[in-house]
Amino acid sequence: MSGAGFVWRSGEVVDLPGPEASAWADGVRAELVRDEPIETPEAGTAKPERQARKRTSSARGRRETRST
């Protein structure tokens, strides 16, 4: 691909500002490649979400009254 003041060859990596890179990266003319990794939470800081279990009454903890 070439134009006024540039020539890009197939497979060449070209550094462009974000909005311009997004415009060229349409899946046909170019692919968007990020140098910096996408920010994600660190492994140790995020706690897994847990749902509290509703306690159910069972026969084990209750005393049964017996009549004789």
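Residues numbered from 1 in each chain as written. Predicted model: local features only at pLDDT ≥ 70, side-chain atom pairs only at ≥ 80, totals over all residues. Heavy atoms only, no water.

Caption draft 1: Structural detail: the pattern of salt bridges. A full pass over the atoms with the stated rule returns one salt bridge. Ionic pairing is found between Arg 29 and Asp 26, a salt bridge with its closest N-O pair at 3.0 Å. Using a relative accessible area of 44% as the deciding quantity, one classes Arg 29 as partly exposed. (Salt bridge = Lys/Arg side-chain N within 4 Å of Asp/Glu carboxyl O. Buried < 20%, exposed > 50% of the residue type's maximum accessible area, 1.4 Å probe, protein only.)

Caption draft 2: Here's a closer look at a negative patch on the surface. Among the surface-exposed residues, Asp 15, Asp 35, Glu 36 and Glu 39 lie close enough to one another that they form a single negatively charged patch. Asp 15 sits in the exposed class, given a relative accessible area of 73%. (Patch = residues over 30% accessible without salt bridge, like charges linked within 9 Å, V, L, I, M, F, W, Y side chains within 5 Å. Areas by Shrake-Rupley, 256 points an atom, 1.4 Å probe, with all protein chains shown as cover. Lys, Arg positive; Asp, Glu negative; His and termini not counted. Charge placed at Lys NZ, Arg CZ, Asp CG, Glu CD.)

Caption draft 3: Molecular detail of the packing of aromatic side chains. The tally for this structure, following the rule as stated, stands at three aromatic pairs. An angle of 40° between the planes, with centres 4.5 Å apart, marks the rings of Phe 6 and Trp 8 as tilted. By relative accessible area, Phe 6 is classed as partly exposed at 24%. Relative to Trp 24, the ring of Phe 6 lies with its centre 6.4 Å away and its plane at 75°, an arrangement referred to as edge-to-face. Of the two residues, Phe 6 is situated in strand β2 (residues 6-7) and Trp 24 in helix α1 (residues 18-24); the sequence distance between them amounts to 18 residues. Grouped by ring-pair contacts, the aromatic residues Phe 6, Trp 8 and Trp 24 constitute a single cluster. (Phe/Tyr/Trp six-rings, centres within 6.5 Å; stacked < 30°, edge-to-face > 60°. Helix = DSSP H or I, 4+ residues; strand = E, 2+ residues; numbered from the N terminus.)

All we've got here are geometric facts, nothing functional implied.
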